[in-house]
Amino acid sequence: VFHKVIMSSTTTATSTATSTITSSAIASSSSSDFQLYRYQPKKGLAYVASILFGLWTVMIAIEIFVKYVKASHLFKSTTSYNLNRGLIKKTLSSVCFKIYIPLIIGAMMEIGGYISRIFSSKDRYAKIPYIAQSLLILVAPGMISATIYMLFHRMIKYLNVPGNSRVGIFIKDSLLVKVFVAGDIISFFLQAGGGGIMSKESTVHTGEVIIIIGLIVQLVSFGIFLFVQLHFTLRYRNFSKNFYYLEVSDKWKYLNYSLFAASIFILIRSIVRVAEFVQGFDGFIASHEAFLYIFDGLAMLLTLVVVSISFLFTDIG
């Protein structure tokens, strides 16, 4: 009996010790795991964002197709269509598709980013969904802004603004789109590179620095672009009064306001993202999911909404 009691006590003690060691090991392993998120990503928010971006992307694609079809029928009714068919088709494709391709790609990146967050909500330690959502959501605004630059450039050409005037001094054809798109490309690669190396604990800080530089490039580019927009808007009204050939439809004003609004949304988004990465991986903004959905997701969705509304005030030409 005494032997059984000793054996029973020994077994119990061994079991307890083993349990304690196992629990400690698990706790130690959990604490040593690198946390990709500082919160549990919400599946519901990711679904809502994916659906809204998806719906608006489809709507924009339909608007572009309808605009192309209407413009094609309009040109086919003219006597010069048969003589200049190739040039007209090339122009229509350029205006309808080339300008809006970056917008569609950017919108699809947003969709892919939030779909990736759905997978992250199921396993927040999975690296592939984390890297995918980081990269796609970070770089999508750069693609969307390219369309904004090109629309503004087309508007200026439509208004026939002389490059040597006080209105056109900052908007010469040879510089306008090239400078801003170059800034976007630099920002795109910096943010993509930084987002790609942030999934490793040893390179988090390096990734943050690279992303901050990319976002600052985007901020500077957009700041200059907003200055150009403001400069143009303030000076064009007075300038156009002195030239009869500049009497055009007021649609350009509404298009300009739409582009203004879209630029401001992207600028706000970029400012908040800079603040997020400056605070660091453990900062207040990075630790609260609401900031991503309000100052990035909502801001970019409103940008798509505003740009799609601008279609009402754009004509093929």
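Residues numbered from 1 in each chain as written. Predicted model: local features only at pLDDT ≥ 70, side-chain atom pairs only at ≥ 80, totals over all residues. Heavy atoms only, no water.

## Things to note about the overall build of the protein
Part 1 of the reasoning: Helix and strand counts for the protein come out as 9 helices and 0 strands.
Part 2 of the reasoning: In sequence order, the protein lays out its α and β elements as α-α-α-α-α-α-α-α-α.
Part 3 of the reasoning: Out of the 317 residues in the protein, the part that is buried amounts to 44%.
Part 4 of the reasoning: In the protein, once contacts between residues fewer than 6 apart in sequence are set aside, the share between residues at least 24 apart is 82%. (Helix = DSSP H or I, 4+ residues; strand = E, 2+ residues; numbered from the N terminus. Buried < 20%, exposed > 50% of the residue type's maximum accessible area, 1.4 Å probe, protein only. Contact = heavy atoms within 4.5 Å.)

## Observations concerning empty space enclosed by the protein
Part 1 of the reasoning: The final tally for this structure, using the stated rule, is 1 cavity of 30 Å³ or more.
Part 2 of the reasoning: Space inside the largest cavity adds up to approximately 340 Å³.
Part 3 of the reasoning: Tyr 39, Tyr 130, Arg 273, Glu 276 and Phe 277 are the residues nearest the centre of the largest cavity, which is lined by 26 residues in total.
Part 4 of the reasoning: Among the elements of the structure, α5 (127-159), α7 (204-240), α8 (251-279) and α9 (289-310) are those that each provide at least two residues to the lining of the largest cavity.
Part 5 of the reasoning: Split into classes, the residues belonging to the lining of the largest cavity amount to 15 nonpolar, 5 polar and 6 charged. (1 Å grid on protein atoms, 1.4 Å probe; cavity = no way out; pocket = protein on both sides within 12 Å on 5 of 7 lines; lining within 4 Å. Points joined across faces, edges and corners; volume = space filled by probe spheres on them. Nonpolar A, V, L, I, M, F, W, Y, C, P; charged D, E, K, R; others polar.)

## As for the nonpolar core
Part 1 of the reasoning: Phe 152 and Phe 232 are the most contacted members of the largest nonpolar core, which totals 62 residues.
Part 2 of the reasoning: Elements with a minimum of two residues in this core: α2 (43-76), α4 (101-122), α5, α7, α8 and α9.
Part 3 of the reasoning: Element by element, the count of residues in this core is highest for α5, at 14 residues. (Core = buried A, V, L, I, M, F, W, Y, C linked by side-chain atoms within 4.5 Å.)

## Looking at the side chain of Gln 133
Part 1 of the reasoning: On the secondary structure map, Gln 133 appears in helix α5.
Part 2 of the reasoning: Engagement of the side chain of Gln 133 in a polar contact is seen with the side chain of Ser 134, the distance being 2.9 Å.
Part 3 of the reasoning: Other than its neighbours up to four places away in sequence, Gln 133 contacts Tyr 37, Gly 113, Ser 116, Arg 117 and Leu 138. (Polar contact = N/O pair within 3.5 Å; in protein donor to acceptor, adjacent residues only side chain to side chain.)

## A look at a nonpolar patch on the surface
Part 1 of the reasoning: On the surface, Tyr 47, Val 48, Ile 51, Leu 52 and Leu 55 cluster together to form a nonpolar patch covering roughly 460 Å² of accessible area.
Part 2 of the reasoning: As for its position among the elements, Leu 52 is in helix α2.
Part 3 of the reasoning: For Leu 52, a relative accessible area of 36% corresponds to the partly exposed category. (Patch = residues over 30% accessible without salt bridge, like charges linked within 9 Å, V, L, I, M, F, W, Y side chains within 5 Å. Areas by Shrake-Rupley, 256 points an atom, 1.4 Å probe, with all protein chains shown as cover. Salt bridge = Lys/Arg side-chain N within 4 Å of Asp/Glu carboxyl O.)

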